[in-house]
Amino acid sequence: MKYLLVKMRRDLFKMWTQFLSVFLMAAIGVFIYVGMEGQWFGLRTSVNKFYKDSNLASAWIYGNNLTQDDSDSIRKINGVKDTSLAMTTKVSLYTNESNEPTIKLTASATNNISKPEITSGEDFKTDSDGIWLDKTFAEKHKISINDNITLKYGTSTVDFTVKGLIISPEGVYYLGSNSQLMPDYDQYGYAMISQSSAQKMYGKIVNNEMRVKLSDNTDSDKFKKSAQDVLSDKYLNYADKDTLHAVVQPITQSKQLMKVSIMFSSVFVLLALLTMQTTMTRLVANQRIQIGTLKALGLHDYQIKLHYALYGLIVGLLGGIVGAILAPRIITPILLNVLSNLYVVPQLKGTITPVSYIIILAVALSCTFATVFACRKSLKGMPAQTIRGLVPKGGKRILLERFSPLWSKLSFGWKWSMRDIARSKIRTIMGTVGVLGCMMLLMASLGLQNTLDYANGYVYNTEYTYGTKAILQTNITDDNKKELQSISGESQWIQELPVEINGKSISKNGIISIVDNGSFVNLETTDNKKITFPANGVYVTRKIAQQLSLEKGDTIEFKVAGKNEAIKAEITQIVSAPSPQGIFIYSSQWHKFGKVFSPTALLIKSDNIKTKIDSLAYVQEVTTLESQRSSTLKYSEAVGTVFTLLKLAAIALGVVILYNLGILCYTERMREYATLKVLGFYQKEIRSYSLRENTVITLIGWIIGIPVGLIFLYFYVNVVSMDNFDWVPKIKLISLAIATLITVGCSIGV
């Protein structure tokens, strides 16, 4: 075995280019998977640990003037472990600027549920003075411990000393407004004070929120129904850790990233494994003479098999280990840095699952078994037969030769290339697979970006065309509405409510948008027909209809959050609205259901009216369509890092696979090239024959790759899309052209 090890070392150095390609494929395949897994699993692990350490509430009940007696009654419900009352209000940070940041102020009676992490300063006490401020918000506004800040509420102000900086488990993904898609800590933050401080501030305590901790096996829906019965008229709304957006979003995001990771990485790793197997098989096959010599020298078959198995094991295992070592130091930190701009947890670090180790083992074993099987084939027969080497395959007529008029017009070079392609089936198939895989993955990554851009553009350029959106207080009067509309000019009232929609077998949460007269909400049916309001009927968004197996003409049943009465109606049309997902109806149709139209927002044409209406007491918040678009673009930029990684991975895959095939093709055909040179062919002519063959294989892979890429993009988009946003697969011609140029460039250039 000593001399076999010496031979192996020499072979590795002699054929380093072929072994390097296998090493790179193993390293890149593991590198991509481990790096992406470290991101999504690290996010999930970090968030879940924070939720557990902080004793995150299982449910939140929102109500009017909740008392300790109400809390005690809820605690008696089966499955309830603990409860905690809180008073939450919205205040402004006084900054002497027109656009003052909004703070969600929470005054908790106890600090036993959803305990915030104190990152610096004093521990929070339920009877202490001072304020504990959102850490990220404080950093954005350069507020430090012991600084004094002024809060505005209504027409009053109050001063607080900052006693500590906190991270709340209920603020991991804090938006501060329903109009926001991404956290904006320049404008929104949260804070905690004691109820004694709230008493001094407001003159009384009016608890409007109850946090509830349930036992693990408690049914949330049953508890919700019991809570409604107990609280009766005081009950307003309910959320649990699976529906509260600030809590569930990081978990939802981790699941989305997991799907992206598994789907993309699986294709990538499978293509790499397939190519590695073929490469190792052909490498061993090219050593047929050496195998025959070893057999003639008296070595046993198992010794020769073990010798060549080490080729695959060492190269595959080293590549996998290098990829696994580099991924947590390169890819994972980059991707986690993007997530840290979205999610705030005490410690966000990459973590991998045992699957990563299984991938490394699979890569190493794939290379090992490929060499063993190839070696076993060469070991059949007598040593003398093996030493003679493989007899080149005889030429035979190919399909194209049957078309005599076309075949006769081809030059010698083209005839030679076509026959060689037909004869070397494995090489042709692997080249086609390499081009197809590169094209498919590039189309998926570019198409996913196009899909996201199209959805965002549709929402903010077609579906909604207002300039400013004024979100109203619940206590707004008719006189207030008249005043606001007279100040605003051309505008449109809209009422948006959370709703539970029942399908044939399942239910989904969504938004019902009740639209009044105006032209700032524009809907289109799935066959691109415009719907002009006023229009009677019930319009259901495409994704909700798909999820609930509903079609035009079906009867839909829905229930507004906090209401017990269910409404049944016939679906008038299915509409293509990326966001929000739910139902659109006109105000007159709402009246037909016996409901009162109570607008929650006013859509205004002007985009520079914010300063005029922001200070009105009955206006809760003012946002512009442009700021919403900017928020969406920030989200797109954040996930764009993942798309960039996918593009680079696809390019790397194409380059390495095609480089590997090029090297092997050259090695296998050295005799043919030498024969052509002896016959008087110039180097330039021989190179052109090889280029022609490569071009044909590239063309075949490209033609097959386009439809396969479109199918993959369709499944890819449907797998990674979220429930609250409808992504329709789209790919621009420019993206298709870019994917083609990169793929062809990798193939022909290599």
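Higher on the page you've got the structure.
Parameters and conventions
- Residues numbered from 1 in each chain as written.
- Predicted model: local features only at pLDDT ≥ 70, side-chain atom pairs only at ≥ 80, totals over all residues.
- Heavy atoms only, no water.
- Helix = DSSP H or I, 4+ residues; strand = E, 2+ residues; numbered from the N terminus.
- Buried < 20%, exposed > 50% of the residue type's maximum accessible area, 1.4 Å probe, protein only.
- Contact = heavy atoms within 4.5 Å.
- Areas by Shrake-Rupley, 256 points an atom, 1.4 Å probe, with all protein chains shown as cover.
- Lys, Arg positive; Asp, Glu negative; His and termini not counted.
- Charge placed at Lys NZ, Arg CZ, Asp CG, Glu CD.
- Pairing = 2+ DSSP bridges.
- Salt bridge = Lys/Arg side-chain N within 4 Å of Asp/Glu carboxyl O.
- Phe/Tyr/Trp six-rings, centres within 6.5 Å; stacked < 30°, edge-to-face > 60°.
- Lys NZ or Arg CZ within 6 Å of the ring centre and 35° of its normal.
- Arc of directions from axis to C-beta.

Focus on the overall build of the protein
Point 1. Per the secondary structure count, the protein includes 23 helices and 21 strands.
Point 2. Taken along the three principal axes of its C-alpha coordinates, the protein extends 100 × 60 × 50 Å.
Point 3. Taking all 750 residues of the protein together, 52% fall into the buried category.
Point 4. Sequence separation of 24 or more characterises 81% of the internal contacts of the protein that already satisfy a separation of 6 or more.
Point 5. A total accessible area of about 34900 Å² is found for the protein, and carbon and sulfur atoms account for 57% of it.
Point 6. A gap of 17 Å separates the mean positions of the 80 positive and 59 negative side-chain charges of the protein.

Concerning unusual backbone geometry
What is expected of a backbone is that most residues other than glycine have negative phi and most peptide bonds are trans.
Point 1. Note the cis peptide between Ser 579 and Pro 580, where omega equals -5°.
Point 2. Mapping Pro 580 onto the fold places it in the loop between β18 (567-575) and β19 (582-586).
Point 3. Unusually for a residue other than glycine, Asn 65 sits at a positive phi of about 50°.
Point 4. Asn 65 gets classed as partly exposed once you look at its relative accessible area, which sits at 43%.
Point 5. One non-glycine residue with positive phi stands out, namely Ser 549, at about 55°.

Focus on the pairing of strand β21 (residues 619-624)
Point 1. In terms of burial, β21 is largely enclosed, as 5 of its 6 residues are buried.
Point 2. As paired elements, strand β11 (residues 468-472) and β21 share 5 bridges and run antiparallel to each other. Looking at β21, one finds that Ala 470 is bridged to Val 622.

Points about the pairing of strand β13 (residues 507-515)
Point 1. Across 9 bridges, strand β12 (residues 491-502) lies against β13 in antiparallel orientation. Note on β13: the bridge partner recorded for Pro 498 is Ile 511.
Point 2. Where β12 folds back on β13, the antiparallel hairpin that results is connected by 4 residues.
Point 3. In this sheet, β19 lies alongside β13 in parallel orientation, the contact comprising 5 bridges. Looking at the pairing, Ile 512 lines up with Ile 583 of β19.

Describing the pattern of salt bridges
As a working rule, side chains carrying opposite charge can pair if their charged atoms are close by.
Point 1. A full pass over the atoms with the stated rule returns 16 salt bridges.
Point 2. For the salt bridge of Glu 209 with Arg 211, the shortest nitrogen-to-oxygen distance reads 3.7 Å.
Point 3. For Glu 209, a relative accessible area of 2% puts it in the buried group.
Point 4. Residue Arg 211 is classed as buried on the basis of its relative accessible area of 6%.
Point 5. Among the salt bridges present, the one from Arg 629 reaches Glu 626, with a minimum N-O distance of 2.6 Å. Of the two residues, Arg 629 and Glu 626 are both situated in helix α20 (residues 625-668); the distance of 3 residues between them amounts to about one turn of the helix.
Point 6. One network of salt bridges, in which partners are shared, links Asp 72, Arg 75 and Asp 82.

Section: the packing of aromatic side chains
Point 1. Under the criterion given, the structure shown has 12 aromatic pairs.
Point 2. With 5.9 Å between their ring centres and 65° between their planes, Tyr 464 and Tyr 466 make a pair best called edge-to-face.
Point 3. Tyr 464 gets classed as buried once you look at its relative accessible area, which sits at 8%.
Point 4. Centre to centre, the rings of Tyr 714 and Phe 715 are 5.6 Å apart; their planes meet at 80°, and the pair counts as edge-to-face.
Point 5. An aromatic cluster of three or more residues is present, and its members are Phe 558, Trp 590 and Phe 593.
Point 6. Of note, Lys 730 hangs over the ring of Tyr 454, and the distance from its end group to the ring centre comes to 4.7 Å.

Some points on helix α5 (residues 195-202)
Point 1. Residues of α5 that are buried include every one of Gln 195, Ser 197, Ala 198 and Met 201, and no others. Buried positions in α5, seen along its axis, are confined to an arc of 150° and lie on one side of it.
Point 2. Considering only its buried residues, α5 is in contact with β2 (80-93), β3 (102-108), β6 (148-153), β7 (156-167) and β8 (188-194).
Point 3. With its phi angle positive at about 90°, Gly 203 sits one or two positions after the end of α5.

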